[in-house]
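# Examination of the molecular architecture
Spelled out, the chains give:
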Amino acid sequence: MANIFRNIPSVNQLLESPQLKKMVEQVNHKVVVDGVRTFIDDLKEKVQEAAEDIEIPTPADMADHIADWLTREDQPALRSAINGTGIILHTGLGRAPLCKAAIDEVAAISSGYASVEIDMHSGQRSQRVNAVQRLLCELTGAEAAVVVNNNAAATMITLASMAGGKEVIVSRGQLIEIGGSYRLPDVMECSGCKLKEVGTTNKTRKSDYENAIHEETGALLKVHPSNFEIVGFTATVSTREMVEVGRKHGVPVIDDVGSGALIDFSKYGLDDEPVVSQSIADGADVALFSGDKLIGGPQCGIIVGKKMYIDAILANPLMRAMRVGKMTLAALSATLKQYRNIDTAEQSIPLLTMLSTPSANLKMRAEKISAQVSGLGNVGQCEVIESRAMLGGGSLPTQELPSFAIAVPVEGRSANWIAQKLRDAEPGVIGRVHKDRFMIDMRTVFPSQDASLVGAIETLAGETDAA
Ligand SMILES: *Cc1c(COP(=O)(O)O)cnc(C)c1O
């Protein structure tokens, strides 16, 4: 045993190796020394615990191994990825990709100083929302607007500002949970409002709201049940009907429209996505929505509506905790500008491009990629198959679009093995595993990524280590 220990090189010996000298230059001295120490300690432990003598790798092998490991560890946890899941607004993959104009604007605004809270003409202090308020009002028909960190924050600050300490009436059919920790009853409690449930899971009528209103009522809240559908024997109350009830009793109506469609998405085959301007036209006092869902912009929560309510929200001390930075404002403003011309928006906003691409194009690209990689090394014959892409991001699972996927087999390997190798590739590729087949859905892959995708699949070809 003692002999074996003597065969383990010292930290200094390893640091002299060319591989690790290079790592010191790339990363830094401390990180590499710590890495080497950890490796040696682990190895000593292994030797001690092993029932029989184990072979000590040569110092050169050890240095290689440590350098590989350090390189992997040094990769940022936040990496760019190719989305082959077919889920367009994948929350785990950061929802909507930004349009080029937004990226350019973020670069321009964030690389120096910017007029975040100063009116450049008068030199007076201004509100940071001014950067986007005019555009939001123009696109939604609302009087005023404000932007916070996300729609969860928008819901919280709106409820707190408009109905804090009071009752808020919600239909039992709309008490939703949207993944993660977003549950409407909990958000309601955090904002200091009392939830007053009305109706039943499948049916709520106008009279249910009417009968529940009393002097402690602060608001009527409508929530778009984005991610589920109640079918069969149902009844819901429209925004317009809720506004009628609210007006009669002097109670404001808050409409959480969720995805924030600025245009009608039914032309892309997506039904039931409420359009923000319709909610305002129907009389909602405020409407809330996300910036990174159907708008295709940065993560944020947008509140539009009557000026008196927006002013109350701006005056709420929570505003300071929820406000957005200049990068978000820059990206949102550039994205919103694209909507002034919907034809060019389809070209410029990646989300709209993905939705409007004919599936015949996807099939053609899939076939081309399949032909390029099929039979390379261990990669088997790929197959192009019809698939269904999904909107995702807390939308209805039934909101599907026709698509095409490439099924990629690798000789003697499981679908999960392929999935893991491609996630580790650069850039990482996230696909879908279905019935032990690994698939890449083309609806969410940009044409500009096709070459990288081929490159990533090519790395699978040379994988020869034992299964
Ligand atoms: C997505 C969604 C939310 C949460 O929005 P975030 O921007 O993720 O905070 C809230 N309400 C509805 C109806 C939604 O669809």
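Residues numbered from 1 in each chain as written. Predicted model: local features only at pLDDT ≥ 70, side-chain atom pairs only at ≥ 80, totals over all residues. Heavy atoms only, no water.

### Re the overall build of the chain
We apply this condition: Per the convention used, a helix needs a DSSP run of H or I reaching at least four residues, while a strand needs a run of E reaching at least two, with both numbered from the N terminus. The cut-offs for exposure are 20% and 50% of the maximum accessible area for each residue type, with area from a 1.4 Å probe on protein chains only; residues under the lower value are buried, those over the upper are exposed, and the others partly exposed. When checking whether two residues touch, look at their non-hydrogen atoms; a contact exists if any pair is within 4.5 Å. Charged-residue counts in this description rest on Lys and Arg as positive and Asp and Glu as negative, His and the chain ends being excluded. Taken as the charge location is NZ of Lys, CZ of Arg, CG of Asp or CD of Glu.
A count of helical and extended segments in the chain gives 20 helices and 13 strands. For the chain, the spread of C-alpha atoms along the principal axes amounts to about 90 × 50 × 50 Å. Counting the 467 residues in the chain, one finds 46% classified as buried. Of the contacts made within the chain by residues no fewer than 6 positions apart, 74% connect residues no fewer than 24 positions apart. On the chain, the mean spot of the 46 positive side-chain charges and the mean spot of the 58 negative ones are 5 Å from each other.

### What about the sheet that holds strand S12 (residues 432–434)?
Our working definition: Should DSSP find at least two bridges between two strands, the strands are taken to pair. Every angle, taken between N-to-C directions, lies between 0 and 180 degrees, and every axis is a line fitted to C-alpha atoms, over only the stretch in contact when it is a helix.
Spatially, the four strands line up as an open sheet ordered S9-S10-S13-S12, and their pairing is antiparallel. Two strands bound the open sheet, and with one partner strand each, they are strand S9 (383–390) and S12. The mean angle between the axes of side-by-side strands here comes to 45 degrees, regardless of whether they run parallel or antiparallel. Pairing geometry for S9 and strand S10 (residues 400–407), over eight bridges, is antiparallel. Note that in S10 the partner of Ala389 across the bridge is Leu401.

### Considering the state of the cysteines
Operational definition: Pairs of cysteine sulfur atoms within 2.5 Å are identified as disulfides in what follows.
The full count for this structure, using the stated rule, is zero disulfides. The thiol of Cys137 is not disulfide-bonded; the next cysteine sulfur, from Cys300, is found 14 Å away. When its relative accessible area of 14% is taken as the criterion, Cys137 is described as buried. Its sulfur unpaired, Cys193 is 11 Å from the next cysteine sulfur, which belongs to Cys190. Classification of Cys193 by relative accessible area gives buried; the value is 7%.

### Here we look at the sheet that holds strand S2 (residues 144–148)
The strand order across the open sheet formed by seven strands is S2-S8-S7-S6-S5-S3-S4, and the pairing between neighbours is mixed. In this open sheet, the two strands that pair with only one neighbour each are S2 and strand S4 (194–198). In this sheet, neighbouring strand axes are inclined to one another by 25 degrees on average, regardless of whether the strands run parallel or antiparallel. Inspection of the sheet shows strand S3 (residues 167–171) paired to strand S5 (residues 217–223) by four bridges, in the parallel sense.

### Focus: the packing of helix H7 (residues 130–140) against helix H15 (residues 326–338)
In plain terms, the rule: Roughly parallel means an angle under 35 degrees; roughly antiparallel, over 145; roughly perpendicular, 65 to 115; everything else is oblique. If you view the pair so one helix is near and one far, a crossing is left-handed when the near helix is turned anticlockwise from the far one by less than a right angle, and right-handed when it is turned clockwise. Following the grouping adopted for this structure description, the nonpolar residues are Ala, Val, Leu, Ile, Met, Phe, Trp, Tyr, Cys and Pro, the charged ones are Asp, Glu, Lys and Arg, and the polar ones are all others, Gly among them.
Interaxial distance between H7 and H15 falls to 9 Å at its minimum, and their mutual angle equals 30 degrees. Between H7 and H15, the angle is such that the two are roughly parallel. H7 and H15 meet at a crossing whose hand is left-handed. Residue-level contacts link Ala131, Val132, Leu135, Leu136 and Leu139 of H7 to Leu329, Leu332, Ser333, Leu336 and Lys337 of H15. In terms of residue class, the contact of H7 with H15 is made up of eight nonpolar, one polar and one charged.

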